[in-house]
Amino acid sequence: MPSHSELFSARVPRYTSYPTAPHFHAGVGGETVRGWLADLPRPAKLSLYLHIPFCDTLCWFCGCHTKVVNHYTPLASYLDFLFTEIGNIGALVGGHPVTHMHWGGGSPTMLSPADVKKLKTALAEHFEIAPGAEFAVEIDPRGLKDEMVAALAEAGLNRASIGVQDFDETVQKAINRIQPFDETRRVVNALRAAGIRAINIDLIYGLPHQTLANVKRTIELSLSMAPQRFAVFGYAHVPHFKKHMQLIDEKVLPDAEARLEQFELAHSLLSAAGYVPIGLDHFALPDDDLAVAQKAGRLARNFQGYTPDDAPALIGLGASAISALPQGYAQNKTEVPDYRKAVQAGELAVARGIVLTDDDRLRRAIIERLMCDLEADLDRLGAPFGKSFADFRPEIETLKPLIAEGYVAVDRSRLVVPPSARAAVRLVAAAFDVYLAKSKAVHAVAV
Ligand SMILES: C[S@@+](CC[C@H](N)C(=O)[O-])C[C@H]1O[C@@H](n2cnc3c(N)ncnc32)[C@H](O)[C@@H]1O
Ligand code: SF4
């Protein structure tokens, strides 16, 4: 029988997609995706994701596709090509209503206020942005100026996602991200004063030097800003992929048990403060769209995490951005020069992707329901594919150690992860991932 910490040290994906990104391949290119876009049923709703792969300093824990730059020229040149891509993709699917838009990175707040407005204007010109559409931007509050808050408000931002991670100075030094609480609070107040009321705060546990006391203090300080949502991510330490993570001293990283305790503390503090746990790692006030969607059984998971977004097509714009279309997934070229060359040539900047098979779709549905609802009914999800619980004997066999530990229960055709075992849900989901066993990709630990 594996020990508790062995179970939680298993390396499994976060399942923001299935199949996961390491299984995308070069067999899917721009022409394939052009066909996928042309075949979208009309007027299918669209969700847009825009990637800005630049930051002014490097946080050593960062797992995102980004590059540190110390002047604006690379951003200005990147924007030129992003505008071209917006025009190219808009010409193919611009008639579809856009109900969700998310700018992420990197740090979209590296853009100048004037360019924030230009970018929003370009999007509104080439796409049909639906009235009341959600418009979210990832915000690094460090040094954020009032002019940027004003530009975001003018552009119509209605959900701000603020990176915090941890407020302890020792932890902040160990991750190269100095971010005083007062500065963060100033930005939250300024956003609210500008009419941007929906605030998310991103926290991380499992960081170097982090203790239960740090987690508690960070959560208390964050609660004093009364955000609508929290994301509480487990630090994904993958130094072989992200060389800068080697700057983090592994000797001061919390072990699997400590990570689990930190996660559980965050969970109990946020629940006690009235936040509803959403899936694996989000928390939302009961009247927030995420909590409402979860209650109604229509919570979804995409590359940005949990979402109430029900658009059948997510289009990623910018270097490394991933699109999720009914036919499959496609990722843009990761390196900015490669991305630029493709856009300049009038091509779709797709580097790799995967065409979904029926088996992928069924497993994706099971994994998504587990990650969103902590349960999955194999008979119900299997029915459209002519499958039922009985077809998943090997997976149930794989789950036996987790069943024995009480991390998942089988109730007729349903798999149910009890709320107290929420932290184990990725391990349960992994039993349905047929690519994982064949995979050479190394993922971060499960909790
Ligand atoms: C693109 S960043 C946020 C935007 C902005 N650049 C900032 O840092 O404030 C998105 C979020 O991903 C999370 N994140 C980044 N690297 C991570 C890692 N290695 N493990 C877990 N979470 C990570 C952080 O919580 C971060 O706020
Ligand atoms: S965490 Fe945010 S600010 Fe820090 S390097 Fe990553 S993307 Fe940039």
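Residues numbered from 1 in each chain as written. Chains lettered and ligands numbered in written order. Predicted model: local features only at pLDDT ≥ 70, side-chain atom pairs only at ≥ 80, totals over all residues. Heavy atoms only, no water.

A word on the domain arrangement of the chain
Once the domains are mapped, the chain shows domain 1 (1-15 + 357-442) and domain 2 (20-317). Inter-centroid distance (C-alpha atoms) of domain 1 to domain 2 is 27 Å. Across the boundary between the two partners, domain 1 contributes 21 residues, which contact 25 residues of domain 2. With both sides pooled, the region where domain 1 packs onto domain 2 buries about 1900 Å², and carbon together with sulfur makes up 59% of that total. Where domain 1 meets domain 2, there are 0 salt bridges. Along the contact surface separating domain 1 from domain 2 lie 7 residue pairs in polar contact (both at pLDDT 80 or more). Of all elements in the fold, only α1 (4-9), α12 (358-373) and α16 (425-430) reach the threshold of two or more residues within the side of domain 1 that touches domain 2. When the residues that make up the side of domain 1 that touches domain 2 are grouped by side-chain class, the tally is 10 nonpolar, 5 polar and 6 charged. (Domains from an automatic or database assignment. Contact = heavy atoms within 4.5 Å. Buried area = accessible area lost by both parts, 1.4 Å probe. Salt bridge = Lys/Arg side-chain N within 4 Å of Asp/Glu carboxyl O. Polar contact = N/O pair within 3.5 Å; in protein donor to acceptor, adjacent residues only side chain to side chain. Helix = DSSP H or I, 4+ residues; strand = E, 2+ residues; numbered from the N terminus. Nonpolar A, V, L, I, M, F, W, Y, C, P; charged D, E, K, R; others polar.)

Thoughts on helix α3 (residues 73-93)
Between its first and last C-alpha atoms α3 spans 30 Å; for 21 residues at 1.5 Å apiece the expected length is 30 Å, and the two agree. Within α3, burial applies to Leu 75, Tyr 78, Leu 79, Phe 81, Leu 82, Glu 85, Ile 86, Gly 87, Ile 89, Gly 90 and Val 93. (Expected span 1.5 Å × (residues − 1). Buried < 20%, exposed > 50% of the residue type's maximum accessible area, 1.4 Å probe, protein only.)

Side note on the site of ligand 1
Taken together, 20 residues form the shell around ligand 1, and within it Phe 61, Ser 107, Gln 165, Arg 177 and Asp 202 come nearest. With respect to ligand 1, the backbone of Gly 63 contributes an N or O atom lying 3.0 Å from a nitrogen atom. The separation between an oxygen atom of ligand 1 and a polar side-chain atom of Gln 165 is 2.7 Å. Contact with the protein chains covers 89% of the free accessible surface of ligand 1, which is 570 Å². (Near = heavy atom within 4 Å. Areas by Shrake-Rupley, 256 points an atom, 1.4 Å probe, with all protein chains shown as cover.)

What to know about the site of ligand 2
Contacts to ligand 2 come from Cys 55, Thr 57, Cys 59, Phe 61, Cys 62, Gly 106, Ser 107, Asp 140, Arg 142 and Arg 177. A breakdown of the residues in the shell around ligand 2 according to their chemical character gives 4 nonpolar, 3 polar and 3 charged.

Description of unusual backbone geometry
Across the junction of Tyr 18 and Pro 19, the peptide omega takes the value -5 degrees, indicating a cis bond. Structurally, Pro 19 can be placed in the loop between α1 and α2 (30-38). Between Gly 105 and the following residue, Gly 106, the backbone shows a cis peptide bond with an omega angle of 15 degrees. Even without a glycine there, the phi angle at Tyr 15 is positive, about 50 degrees. Summarising the element assignment, Tyr 15 is placed in the loop between α1 and α2. Taking relative accessible area as the criterion, Tyr 15 reaches 4% and is therefore assigned buried.

Points about the sheet that holds strand β17 (residues 375-377)
The 3 strands are arranged β17-β19-β18 in an open sheet whose pairing can be described as antiparallel. Strand pairing shows two members of the sheet lacking a second neighbour, β17 and β18 (409-411), which therefore form its edges. Going across the sheet, the axis of each strand differs from the next one's by a mean of 20 degrees, ignoring polarity. Pairing of β17 with strand β19 (residues 414-416), which is carried by 3 bridges, proceeds in the antiparallel orientation. Looking at the pairing, Glu 375 lines up with Val 416 of β19. (Pairing = 2+ DSSP bridges. Axes fitted to C-alpha atoms, helices over the stretch in contact; angles between N-to-C directions.)

Topic: the pattern of salt bridges
What the rule picks out here adds up to 21 salt bridges. When the shortest N-O distance is used, the salt bridge between Asp 182 and Arg 185 registers 3.1 Å. Of this pair, Asp 182 and Arg 185 both sit in helix α7 (residues 181-193), 3 residues apart, roughly one helical turn. By relative accessible area, which is 51% here, Asp 182 ends up exposed. Bridged by salt links that share partners, the residues Glu 134, Arg 159, Arg 229 and Asp 288 form one connected network.

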